[in-house]
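One-letter residues, chain by chain:
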Amino acid sequence: MTVTTSGTSPAHALPLEVNDLTVSIGDTELLHGISFSLAPGERLGFIGGSGSGKTLTALAVAGLLPEEAEVRGSIRLGDTELVGKPDRELAALRGERIGVVFQEPKTALNPLLRLGHQMTEALALHYSLSRAERKEAALRLAARVGLKDPERIVRAYPHEVSGGQRQRAAIAAAISAQPGLLLADEPTTALDVTVQKGVLQLFRELTEGDDTSLVFITHDLAVLAEVAERVLVFDGGRVIEEGEIAQILEAPVHPITRALIHAAGGEL
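An account of the accompanying structure is given in this report. (Residues numbered from 1 in each chain as written. Predicted model: local features only at pLDDT ≥ 70, side-chain atom pairs only at ≥ 80, totals over all residues. Heavy atoms only, no water.)

1. Topic: the packing of helix α8 (residues 163–175) against helix α9 (residues 193–207)
Let me state the cut-off plainly: Helix axes are fitted to C-alpha atoms over the stretch in contact, other axes to C-alpha atoms as well, and angles between N-to-C directions run from 0 to 180 degrees. In DSSP terms, a helix is any run of H or I states spanning at least four residues, a strand is any run of E spanning at least two, and both are numbered starting from the N terminus. Orientation labels follow simple angle bins: below 35 degrees gives roughly parallel, above 145 gives roughly antiparallel, 65 to 115 gives roughly perpendicular, and whatever is left gives oblique. For a crossing to be left-handed, the near helix must be turned anticlockwise from the far one by less than a right angle; the clockwise case is right-handed. Any two residues having at least one pair of non-hydrogen atoms within 4.5 Å are treated as being in contact. We call Asp, Glu, Lys and Arg charged. Ala, Val, Leu, Ile, Met, Phe, Trp, Tyr, Cys and Pro are nonpolar, and the rest, Gly among them, are polar.
Where α8 meets α9, the closest approach of the two axes is 10 Å, and the angle between their N-to-C directions is 15°. Classified by the angle between their axes, α8 and α9 sit roughly parallel to one another. Where α8 crosses over α9, the handedness of that crossing is right-handed. Along the contact surface, α8 presents Gly164, Gln167, Arg168, Ile171 and Ile175, while α9 presents Val195, Gly198, Val199, Leu202, Phe203 and Leu206. Considered class by class, the residues forming the contact of α8 with α9 number seven nonpolar, three polar and one charged.

In structure tokens, the structure reads:
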């Protein structure tokens, strides 16, 4: 069996519709009626300060909220309603339909497993691969995310490569089964400026030319302007402003959005 990991269109590119999403833990409501849509191939940014609700919204979409969280509203991926789905079924969707890239690859990656093994875990869950096919897939994935010397990288452990290489390996793991939706939570925060630019370019390349959708989460509007087409501004568990990135930059309405622009240098 041959598994394709090149730049072909993902098999699971589906529209995402979130309507009146509310998340509570105990008596505390953390998200208050979040609604947005995401078309196949669209790149959407979430921005806001710490605790604004942007990461919590993405975790709800990925089915990664803590057990004690109560979720109301609707999250539909294509024709599939995710709210209320059992954890086992949500886990099956991750990797195959939803890929997740976390902020710090050092903690997201298992220090005891070689990178090639971790890059292909989602593939191994969804396909029956021989050892040779899995190695071949790891090499293709490493090359696709711009990792030089793939033969060395796939044999390496996380501590044996740089932070930028670890993040690219984490991205390779997230895209291995060609999910139609990629959720990236502050994926460049721990990287220096030069490495950050390369990773942002990689996200653009992974979504341009096919139907992969991207939700890119950050607190930095300058970073968001590099990768997103449309933006939701979060504050206090609500979306306080949304629109095309150019529109938001040129004519922000909310004071918090204006503050974010000021923090990014005023002109982007």
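2. Observations regarding a negative patch on the surface
In plain terms, the rule: Each patch is built from residues lacking any salt bridge and having more than 30% relative accessible area; the joining distance is 9 Å for like charges and 5 Å for nonpolar side chains (Val, Leu, Ile, Met, Phe, Trp, Tyr). Shrake-Rupley sampling with a 1.4 Å probe provides the accessible areas, and residues are treated as covered by the protein chains on show and by no other component. Note on definitions: salt bridges are taken to be side-chain nitrogens of Lys or Arg within 4 Å of carboxyl oxygens of Asp or Glu. As used throughout, the charge tally considers Lys and Arg to be positive and Asp and Glu to be negative, leaving His and the chain termini uncounted. Every charge is mapped onto a representative atom, which is NZ of Lys, CZ of Arg, CG of Asp or CD of Glu.
On the surface, Glu205, Glu208, Glu229 and Glu244 cluster together into a negatively charged patch. By secondary structure assignment, the location of Glu229 is in the loop between α10 (221–227) and β9 (230–235).

3. Some points on the nonpolar core
In a soluble, globular protein the nonpolar side chains are often hidden away together inside. What counts is decided by this rule: The term nonpolar core refers to a set of buried residues drawn from Ala, Val, Leu, Ile, Met, Phe, Trp, Tyr and Cys, joined through side-chain atoms within 4.5 Å. Exposure is judged per residue with a 1.4 Å probe applied to protein chains only, and the accessible area is read against the type maximum: over 50% gives exposed, under 20% gives buried, and values in between give partly exposed.
Formed by 46 residues in total, the largest nonpolar core has its most connected members in Leu115, Met119, Ile171, Phe203, Phe216, Leu221 and Leu224. Apart from residues lying up to four places away in sequence, Phe216 is in contact with Leu44, Gly45, Phe46, Ala184, Pro187, Leu200, Phe203, Val223, Leu224 and Val227.

4. Some remarks on the sheet that holds strand β7 (residues 181–185)
Cut-off, in case you're wondering: For two strands to be treated as a pair, DSSP must find no fewer than two bridges joining them.
Pairing in this open sheet of six strands is mixed, and the strands run β6-β7-β8-β3-β9-β10 from one edge to the other. One side of each edge strand has no neighbouring strand; the edge strands of this open sheet are β6 (98–101) and β10 (238–244). Neighbour-to-neighbour, the strand axes of the sheet open up by a mean angle of 15°, direction not taken into account. Looking at chain direction, strand β3 (residues 43–47) and β9 are connected through four bridges and run parallel. Bridge pairing links Phe46 to Leu232 in β9.

5. Here's the deal with unusual backbone geometry
Of note, Asp149 is a non-glycine position whose phi angle comes to about 55°, a positive value. Mapped onto the secondary structure, Asp149 falls in the loop between α6 (131–144) and α7 (150–155). Among the residues examined, Asp149 registers a relative accessible area of 44% and is labelled partly exposed. Residue Glu186 is not a glycine yet carries a positive backbone phi of 50°. Mapped onto the secondary structure, Glu186 falls in the loop between β7 and α9.

6. With respect to the pairing of strand β1 (residues 16–25)
Relative to strand β2 (residues 28–38), β1 runs antiparallel, the two sharing seven bridges. Across the sheet, Val23 pairs through a bridge with Leu31, a residue of β2. Adjacent in sequence and paired antiparallel, β1 and β2 are bridged by two residues, among which Gly26 carries a positive phi angle near 65°. Relative to strand β4 (residues 69–77), β1 runs antiparallel, the two being bridged by eight bridges. Its bridge partner lying in β4, Leu16 is registered against Leu77.

7. Comments concerning α6
Here is the rule we go by: Between the first and last residue of a helix there are one fewer steps than residues, each counted as 1.5 Å, and that sum is the expected span.
Taking 1.5 Å of rise per residue, the 14 residues of α6 would be expected to cover 20 Å, and the 20 Å separating its terminal C-alpha atoms lies within 8% of that figure. Looking at the packing, one finds that the buried side of α6 touches α4 (115–119), α5 (121–126), α7 and α8. Gly146 sits one or two positions beyond α6 and adopts a positive phi of about 80°.

8. Regarding the pattern of salt bridges
Under the criterion given, the structure shown has eleven salt bridges. A salt bridge links Glu151 to Lys135; the nearest nitrogen and oxygen atoms lie 3.9 Å apart. Taken together, the residues span a long stretch of sequence, with Glu151 in helix α7 and Lys135 in helix α6 at a distance of 16 residues. Between Glu226 and Arg204 there is a salt bridge, and its shortest N-O distance comes to 3.7 Å. Taken as a pair, Glu226 in helix α10 and Arg204 in helix α9 lie far apart in primary sequence, 22 residues in all. According to the relative accessible area criterion, Arg204 is buried, its value standing at 16%. One network of salt bridges, with partners in common, ties together Glu29, Glu70 and Arg72.

9. Here we look at the side chain of Asp185
Inclusion rule: Polar contacts, as used here, are pairs of N or O atoms within 3.5 Å; protein pairs need one atom able to donate a hydrogen and one able to accept it. Residues neighboring in sequence count only if both atoms are side-chain atoms.
Its place among the elements puts Asp185 in strand β7. Despite its burial, Asp185 pairs with no opposite charge; the closest candidate is Lys54, at 6.5 Å N-O. One polar contact links Asp185 to Thr55, side chain to side chain, over a distance of 3.1 Å. Filtering out sequence-adjacent residues up to four positions away, Asp185 remains in contact with Thr55, Val101, Phe102, Gln103 and Ile217.

Such coordinate-based values are descriptive only and should not be taken to indicate function.
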